[in-house]
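For reference, the chains in residue letters:
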Amino acid sequence: MREPGCIAIDGPAGAGKSTIGEHLARRLGYLYCDTGAMYRAIAWLALQKGIDLNDGPTLGKLAEQNTILISKPEIADGRQYTVIIQGHDITWDIRSTQVGRAVSPISAHPQVRSILIAQQRTIGLQGHIVMVGRDIGSVVMPDADLKIYLTASLRERARRRHTEMVERMGEHNPALPSLEEVMSDVERRDNTDRKNMQPAQDAIIIETDNLGIEQVLDKICHYVEGNR
Ligand SMILES: Nc1ncnc2c1ncn2[C@@H]1O[C@H](COP(=O)(O)OP(=O)(O)O)[C@@H](O)[C@H]1O
Ligand SMILES: Nc1ccn([C@@H]2O[C@H](COP(=O)(O)OP(=O)(O)O)[C@@H](O)[C@H]2O)c(=O)n1
């Protein structure tokens, strides 16, 4: 009877990884690590510095030379955690459309991946952790005790992301993108991420189109129980 030391949750944008990952970690008293925030932090810094998104070696150096600090939220503004790089609190900045568009091409460079994957593995090996991303079960933590791959149709994932933006930005905000724009951004990201987004062979695939958050959580908890 063993408890899973690491639970990997992978899947495409809007599948529910962060929401489910955070809830699950809280239920189990585990740490929670959102690896996407690390790629987004590097993307934010690259945009600040005007680095060419195709320049893998320079982006790799940027990842190597800059520590990404992810800590408990402290500020009660809906954040799951606080992200700091070079002294800047970029927790919300990394959710911008610009970062969303830059992050996939930047993450595709092996020079960037190798640096962040090594950091993520160190975090994951602490144990008692829920890690969410694209390649946790397949690459970062291939020995994770439980691997979940969450997914949903493109339309449903875009709908969720758009609803989230309406809540955050306000319905009448001129900067609010349309559902169609969000859908094409998500689709573009799916296509760029595809190579690094394959479910691990032993992952449990959960289609969430017709499942609410609580139902997804209950399903995963059922597998956690089965692992004990
Ligand atoms: N099963 C679900 N049903 C409906 N909405 C969901 C579900 N899972 C997540 N959501 C909502 O969809 C949005 C995107 O979820 P999120 O966890 O950020 O996805 P991801 O981390 O995979 O990109 C959030 O607003 C979240 O509340
Ligand atoms: N383990 C991971 C996590 C994210 N990423 C990259 O980082 C981007 C942002 O990840 P995210 O998890 O914040 O994205 P959402 O699914 O939350 O929209 C993804 O589109 C991938 O390009 C990755 O390559 N590997």
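So, here is what we can say about the structure in this document.

Parameters at a glance
Residues numbered from 1 in each chain as written. Chains lettered and ligands numbered in written order. Predicted model: local features only at pLDDT ≥ 70, side-chain atom pairs only at ≥ 80, totals over all residues. Heavy atoms only, no water. Near = heavy atom within 4 Å. Polar contact = N/O pair within 3.5 Å; in protein donor to acceptor, adjacent residues only side chain to side chain. Areas by Shrake-Rupley, 256 points an atom, 1.4 Å probe, with all protein chains shown as cover. Helix = DSSP H or I, 4+ residues; strand = E, 2+ residues; numbered from the N terminus. Nonpolar A, V, L, I, M, F, W, Y, C, P; charged D, E, K, R; others polar. Domains from an automatic or database assignment. Salt bridge = Lys/Arg side-chain N within 4 Å of Asp/Glu carboxyl O. Buried < 20%, exposed > 50% of the residue type's maximum accessible area, 1.4 Å probe, protein only.

So, about the site of ligand 1. Of all residues adjacent to ligand 1, which total 15 residues, the nearest are Gly14, Lys17, Ser18, Thr19 and Leu211. With respect to ligand 1, the backbone of Ala15 contributes an N or O atom lying 3.2 Å from an oxygen atom. Within the side chain of Ser18, an N or O atom sits 2.5 Å from an oxygen atom of ligand 1. Coverage of ligand 1 by the protein amounts to 82% of the 560 Å² it exposes when considered alone. Listing elements by their share of the shell around ligand 1, those giving two or more residues are α1 (17-28), α7 (154-169) and α9 (213-227). The residue makeup of the shell around ligand 1, split by class, is six nonpolar, five polar and four charged.

With that out of the way, let us pick up the site of ligand 2. Around ligand 2, a shell composed of 17 residues is seen, among which Arg40, Arg113, Arg161, Arg189 and Asp193 lie nearest. Between Arg134 and ligand 2, the recorded distance is 3.0 Å, taken from a side-chain N or O atom to an oxygen atom. Bound to the protein, ligand 2 loses 99% of the 530 Å² it would expose on its own. Secondary structure elements with two or more residues in the shell around ligand 2: α2 (35-49), α4 (97-107) and α8 (179-193). Residue classes in the shell around ligand 2 are distributed as three nonpolar, five polar and nine charged. Counting only domains with at least three residues in the shell around ligand 2, you end up with domain 1 (1-30 + 128-220) and domain 2 (34-126).

So, on to the pattern of salt bridges. Within this structure, the stated rule accounts for 15 salt bridges. Between Arg79 and Asp89 there is a salt bridge, and its shortest N-O distance comes to 3.0 Å. Here the residue Arg79 occupies a position in the loop between β3 (68-71) and β4 (82-85), and Asp89 occupies one in strand β5 (residues 88-89), the gap between them amounting to 10 residues. Given a relative accessible area of 35%, Asp89 falls into the partly exposed group. Residue Arg160 pairs with Glu156 through a salt bridge whose shortest N-O separation is 2.8 Å. On the criterion of helical spacing, the pair formed by Arg160 and Glu156 is a turn pair, its members being four residues apart in helix α7. On the basis of relative accessible area, Glu156 is assigned to the buried category, the value being 14%.

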